[in-house]
Protein chains: 2
Amino acid sequence: MLTSADQAFAARLTQAVPGIRVETPEPRYLQEPRGRHHGHAGLLVRPHSTAQVAAIVRACHDARVGVVPYGGGTGLVGGQIIETGPAPVILSLERMNAVRAITGHVLEIEAGASLQNAHDAAEGAGRLFPLTIASQGSAQIGGVLATNAGGVNVLRYGNARELCLGIEAVLADGTVISGLRHLRKDNTGYDLKDLLIGSEGTLGIITAATLRLFPRPAALGTAMMVVPNPAAALALLELAEARMPGCVSAFELISGQGLAFLDAVGPQVHQPFAQHPEWSVLIEIGLPQGLDPQDALAGLFEAAGDLVSDGVIASSDAQRAQMWTLRESLPEANKRIGSISSHDISLPLPKLAEFIDIARTQLSAMADIRINCFGHVGDGNLHFNAFPADGRDRASYENLRADIAQVVYDLVDGFGGSISAEHGIGRLKLRDLEHYGDPGKLAAMRAIKAALDPRGILNPGAVLAQN
Amino acid sequence: MLTSADQAFAARLTQAVPGIRVETPEPRYLQEPRGRHHGHAGLLVRPHSTAQVAAIVRACHDARVGVVPYGGGTGLVGGQIIETGPAPVILSLERMNAVRAITGHVLEIEAGASLQNAHDAAEGAGRLFPLTIASQGSAQIGGVLATNAGGVNVLRYGNARELCLGIEAVLADGTVISGLRHLRKDNTGYDLKDLLIGSEGTLGIITAATLRLFPRPAALGTAMMVVPNPAAALALLELAEARMPGCVSAFELISGQGLAFLDAVGPQVHQPFAQHPEWSVLIEIGLPQGLDPQDALAGLFEAAGDLVSDGVIASSDAQRAQMWTLRESLPEANKRIGSISSHDISLPLPKLAEFIDIARTQLSAMADIRINCFGHVGDGNLHFNAFPADGRDRASYENLRADIAQVVYDLVDGFGGSISAEHGIGRLKLRDLEHYGDPGKLAAMRAIKAALDPRGILNPGAVLAQN
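About the cut-offs
- Residues numbered from 1 in each chain as written.
- Chains lettered and ligands numbered in written order.
- Predicted model: local features only at pLDDT ≥ 70, side-chain atom pairs only at ≥ 80, totals over all residues.
- Heavy atoms only, no water.
- Core = buried A, V, L, I, M, F, W, Y, C linked by side-chain atoms within 4.5 Å.
- Buried < 20%, exposed > 50% of the residue type's maximum accessible area, 1.4 Å probe, protein only.
- Domains from an automatic or database assignment.
- Phe/Tyr/Trp six-rings, centres within 6.5 Å; stacked < 30°, edge-to-face > 60°.
- Helix = DSSP H or I, 4+ residues; strand = E, 2+ residues; numbered from the N terminus.
- Contact = heavy atoms within 4.5 Å.
- Buried area = accessible area lost by both parts, 1.4 Å probe.
- Salt bridge = Lys/Arg side-chain N within 4 Å of Asp/Glu carboxyl O.
- Polar contact = N/O pair within 3.5 Å; in protein donor to acceptor, adjacent residues only side chain to side chain.
- Nonpolar A, V, L, I, M, F, W, Y, C, P; charged D, E, K, R; others polar.
- Pairing = 2+ DSSP bridges.
- Least-squares fit on C-alpha atoms with pLDDT ≥ 70 in both.
- Arc of directions from axis to C-beta.
- Lys, Arg positive; Asp, Glu negative; His and termini not counted.
- UniProt positions renumbered as here; feature names shortened; annotations may be inferred.

> Can you lay out the nonpolar core for me, pointing to particular residues and giving the numbers?
Within the largest apolar cluster, 112 residues are counted, with the highest numbers of intra-cluster contacts made by Ile283, Phe355 and Leu382 of chain A together with Ile283, Phe355 and Leu382 of chain B. Formed by 90 residues, the second largest nonpolar core is a distinct cluster that contains Ile141 and Leu192 of chain A together with Leu203 and Phe214 of chain B.

Written out as structure tokens, the structure is:
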């Protein structure tokens, strides 16, 4: 049983952690982007060093006080918010944002640096850190790793886990794991790095990481192509990968509904096609020297035959940026419309088109709703979101919300898919994980949680229910 | 405390596991490739199904009998051999070798299939499974994953962990984890897959896996180039990756000593250079359509200037195969010469050349020895092996063996490298891990082992010392 982080504990913390200031959290630490959860918290600490983090966690451990590790606050599953129960300490990494070292292959950076900071540091060294998500200006490296973030470049470069070579982290009893390896190969014992990555702050607090840097492609090519349906999109991807293996870095599905939302509520963006195609894809390639990306995309368009009915190839960086702005504005348009229920799911690629068909049919039969289905289709990852009919309020669908999610997740589960492709479990999907998760895996997760955090102080109630 | 797998236990097993035959292990199950360890074992079981594996493990758990999961037996660190203590059950996966399913992106295959089986299945589907190691005809998928095998294509495609999407595994109490996902993105809870991969059979027994398949490159190019020193090799790699980002699939360093060993003891192979260069590299690239790999390699050779003094570009599949035969024969030549001490290490790339210089100097000052330094230099992974002087016996160096390893590992550790890049810890490097490993990581490893295998029955004494 945990106890609240009250003023008496604030005094203990101040004493136990040299140089720390214990604050009352501003409202921003208690909110999350979708406005569904509102946190309560007694105390905020913003340590400057790993030693301070360790001392804070040790004090919380001793006093059985919960700790919420806090990054950029951009998570979409409530992993950063505790609504009820004993008030926790919010431990924000924001002051630990230094680039500790950079070489041609590795960026060693603290958890509180933003993802954009990592991009900038890599670019400054003439390199690429490929992980790209819409919230990268605010999202912090610690949160990106804690949630194993994905985004638009997983297809070629992998997710956060695959892009991380090592971590420094503080465990529940204050033990520091020093694992900032600059190594591609290291088989010395259990893979704690990958266990902590994606554990959403429930097994340890990541304080710094070594990230893989890549050579920048000699040239990028970007295009939007109109496809008749999702199956054709996947066939086009197959064709692109056969012609340019390993060179397709992004392959994003966009639905006409999403384009209509942009028209209706903004953000204002340039739309490349006069009429909104029901389905289109944004494709990006990075090629070796000696090939012209525009030619390569034109060649793909030619070879695609009936798979593609129209297309625009970016002929300048500005056009390329326009296409990406359109893609990255879709979540904001969704937010302005206001979803009934959002689903970050993944499917085996051979099942993906069938899933979209069936799920749309089933949801349409339930209610008069609009569906915006888009996302990282090259990874099998869809954002399959249900919205009110035009002119109706989402409140009027409140009683359907759980049913919609269940229909989607049941279908996903039946197709061997995942109910959380890239956003994680947090608190929003806790019960869904219990319901759809493999019982053997859940039992092992609980055993590991109990072993590494026997008092349950780390992000209590996220991923796994509290005892 | 464990008990021996004796005849009474054999009877219990026969009763507890429908359809199982309990055998006496042939000598091959008690040997390992370097001949340094000799096992003892009471019983051998070769189950046909995951259910049988679960029942066997449950029976061992109940009776506190150790289990050694057995794959191809090709491991180089004694992970497959128990020399002393209570006799274990050897659980060979060899009869579980089916391809369960294959799509364009995923191969679902049982643990007892050989790595070559996986290559063949992928090729049959027009795809590539890139993990390539010299022992792939014998090495089995379960062992490849349990040891997180690396090999020559990690540079482009990643190691076993990165190539595996999901596993089915049996935990110490017989619980089955069903995680054969066909998904690139799946953030539903802790990453048990990556925890079990590389745990060398000490946390669970992998019974099947889903492996990533890739499109085959439109064309492969292979060359050997002579470089003045390891630093030039790394600069050449940098140049190659800048010109062809993501297209360099292998970059292997070969020393003149290795070529001389091949001459002296075989295997007989074609050597492309009349004189043995002190340092050369084998480079392989896979390019998108529209580029000729031979032209690309010739262009690299031109651009390399002083980094390369001579080179041969394969102009046929036969020549390509010859180059790879040379590379893959190096371990066999080493075995025939007989090393004093072998070291599978990795270094941060910027430190690698300096390490080679210093390590050679220090070892040469200790004794009259020959060093064969070769390996996957693109990954920072060297096989840095010490051999007797010409005409001398390795027995006469026995008293130096531990000292040589210590000099190498101390240097590696000082440079932030790994004492086991791709072979794992097994029993051979148990004490080294305790000495060089991060204490926080080791404590967490012990906690996880105790949580998932409280009786310590799974591969007892590998990776972590027994209590």
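Further notes follow.
> So, the domain arrangement of chain A: which residues are in play, and what are the values?
Splitting chain A by domain gives domain 1 (99–215), domain 2 (219–334) and domain 3 (338–414). Summarising the inter-unit geometry, the C-alpha centres of domain 1 of chain A and domain 3 of chain A are found 31 Å apart.

> Describe the packing of aromatic side chains, with residues and values.
When we look at a pair of aromatic rings, we describe it by the centre distance and by the angle of the planes. Residue and element names in this part refer to chain B. The final tally for this structure, using the stated rule, is 12 aromatic pairs over all chains. Seen in terms of ring centroids, Phe261 and Phe387 are 4.8 Å apart; in terms of plane orientation they differ by 75°. Their pairing is edge-to-face. Of this pair, Phe261 sits in helix α9 (residues 256–265) while Phe387 sits in strand β18 (residues 381–388), and the two are 126 residues apart along the sequence. Here Phe261 falls in the buried class, since its relative accessible area comes to 1%.

> Any details on the interface of chain B and chain A? Residues and values, ideally.
Taken together, the contacts link 86 residues of chain B with 86 residues of chain A. Carbon and sulfur atoms make up 57% of the area that chain B and chain A hide from each other, which totals about 6,600 Å². Together, Lys185, Asn187 and Tyr190 of chain B form the three largest contributors to the area buried by chain B at its contact with chain A, with a combined 16%. Our count for the contact surface shared by chain B and chain A stands at 10 salt bridges. Note that Glu238 of chain B is salt-bridged to Arg127 of chain A, the shortest N-O span being 2.4 Å. At the boundary of chain B with chain A, the tally comes to 46 residue pairs in polar contact (both at pLDDT 80 or more). Contributing elements (two or more residues each) for the side of chain B that touches chain A: α5 (154–157), α6 (160–163), β9 (176–179), α7 (192–196), α8 (230–243), α12 (349–366) and α15 (439–452) of chain B. Counting residues per element, the side of chain B that touches chain A draws most heavily on α15 of chain B, at nine residues. Looking at the side of chain B that touches chain A, its residues break down into 36 nonpolar, 30 polar and 20 charged.

> How would you sum up the pairing of strand β4 (residues 89–92) of chain A? Please name residues and give values.
Residues and elements named next belong to chain A. Neither face of β4 is open: one carries Val89 and Leu91, the other Ile90 and Ser92, and all of them are buried. As judged from the three bridges shared by strand β2 (residues 43–45) and β4, these two strands associate in the parallel manner. Pairing of Leu43 across the sheet is with Val89, part of β4. Note that strand β3 (residues 67–70) and β4 share four bridges and pair parallel. The residue of β4 that forms the bridge with Tyr70 is Ser92.

> Run through the relation of the copies chain B and chain A, naming residues and quoting values.
Least-squares fitting of chain B to chain A yields an RMSD of 0.0 Å, with the superposition described by an axial translation of 0.0 Å and a rotation of 180°. What the rotation and shift describe, once combined, is the action of a two-fold rotation axis. A shared interface surface links the copies, since 100% of the contact residues of chain B are contact residues in chain A too.

> Go over helix α3 (residues 115–124) of chain A, please, and point to the residues and values.
Residue and element names in this part refer to chain A. Where α3 is concerned, the buried positions are Leu115, Ala118, His119, Ala121 and Ala122. For α3, the buried positions fall inside an angular range of 165° around the axis, keeping them on one side. Residues of α3 that are exposed and angled more than 90 degrees away from the buried face: Glu123 and Gly124. Buried residues along α3 sit against β5 (99–102), β6 (106–110), β7 (127–128), α4 (141–146) and β10 (205–212).

> Could you give an account of the side chain of Gln52 of chain B, with specific residues and numbers?
Checked against the element boundaries, Gln52 of chain B lands in helix α2 (residues 50–63). In this view, Gln52 of chain B contacts Val17, Pro18, Gly19, Ile20 and Pro47 of chain B; residues no more than four positions away in its chain are not counted.

> How would you sum up the side chain of Asp438 of chain B? Please name residues and give values.
Summarising the element assignment, Asp438 of chain B is placed in the loop between α14 (430–436) and α15. Despite its burial, Asp438 of chain B pairs with no opposite charge, the nearest such side chain being Lys441 of chain B at 8.0 Å. Polar side-chain contacts of Asp438 of chain B include one of 3.0 Å to the backbone nitrogen of Lys441 of chain B. When near neighbours in sequence (up to four residues on either side) are disregarded, Asp438 of chain B contacts Val176, Ile177 and Ser178 of chain A.

> Explain α9 of chain B residue by residue, including any values.
Within α9 of chain B, burial applies to Gly256, Gly258, Leu259, Phe261 and Leu262 of chain B. Among the structural elements, β13 (248–255), α11 (317–337), β17 (369–374) and β18 of chain B are those in contact with the buried residues of α9 of chain B.

> Account for the UniProt feature "domain: FAD-binding PCMH-type" (unreviewed entry) in chain A, with residues named and values stated.
According to UniProt, the positions carrying the feature "domain: FAD-binding PCMH-type" (unreviewed entry) are residues 37–216 of chain A. As annotated, residues 37–216 of chain A comprises 22% helix and 24% strand, and the C-alpha atoms at either end are separated by 40 Å.

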